[in-house]
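# Analysis of the macromolecular model
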Amino acid sequence: MQGMGAGDCPFEFNFDAVTFKVGDTVSYRIVGSPMFEDMPFAGELLEVHEDHVVIAGDPNDRSVRYRGTRENRPNVQASEI
């Protein structure tokens, strides 16, 4: 996140849904709640399916998983949080 301190963004994102693979870091958005509107989040892909992905919601707890759309910047429904 540029502008939030010195240096470049510490994440290397995959923004190409066609090439998504387990272990990729993606930028995702949470939709369906004004609280999260327009806020980007980063997460690791745990599963990649034809029509959706599963994102690690907490890098320290693999049991926190969010189902997201399979698009360049996945959308996660607020009800998943």
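The structure we're discussing is the one just above.
The present account deals with the structure reproduced in this document. Computed from a prediction, not measured in an experiment: that's the story for all the values here.

The rules behind these values
- Residues numbered from 1 in each chain as written.
- Predicted model: local features only at pLDDT ≥ 70, side-chain atom pairs only at ≥ 80, totals over all residues.
- Heavy atoms only, no water.
- Helix = DSSP H or I, 4+ residues; strand = E, 2+ residues; numbered from the N terminus.
- Buried < 20%, exposed > 50% of the residue type's maximum accessible area, 1.4 Å probe, protein only.
- Polar contact = N/O pair within 3.5 Å; in protein donor to acceptor, adjacent residues only side chain to side chain.
- Contact = heavy atoms within 4.5 Å.
- Core = buried A, V, L, I, M, F, W, Y, C linked by side-chain atoms within 4.5 Å.

Among the structural elements, Asp24 can be located in the segment before strand S1 (25-31). Taking relative accessible area as the criterion, Asp24 reaches 10% and is therefore assigned buried. A polar contact is formed between the side chain of Asp24 and the side chain of Asn14, at a distance of 2.8 Å. Once residues lying within four places of it in the same chain are set aside, the contact partners of Asp24 are Asn14, Thr19, Gly43, Glu44 and Leu45.

Grouped burial of nonpolar side chains is what soluble globular proteins tend to show. Within the largest apolar cluster, twelve residues are counted, these being Ala17, Phe20, Val26, Tyr28, Ile30, Phe36, Leu45, Val53, Ile55, Tyr66, Val76 and Ala78. Counting only elements with at least two residues in this core, the list comes to S1 and strand S3 (52-56). Ranked by residues supplied to this core, first place goes to S1 with three residues.

Remember that the coordinates give geometry; whether it matters functionally is a separate question.
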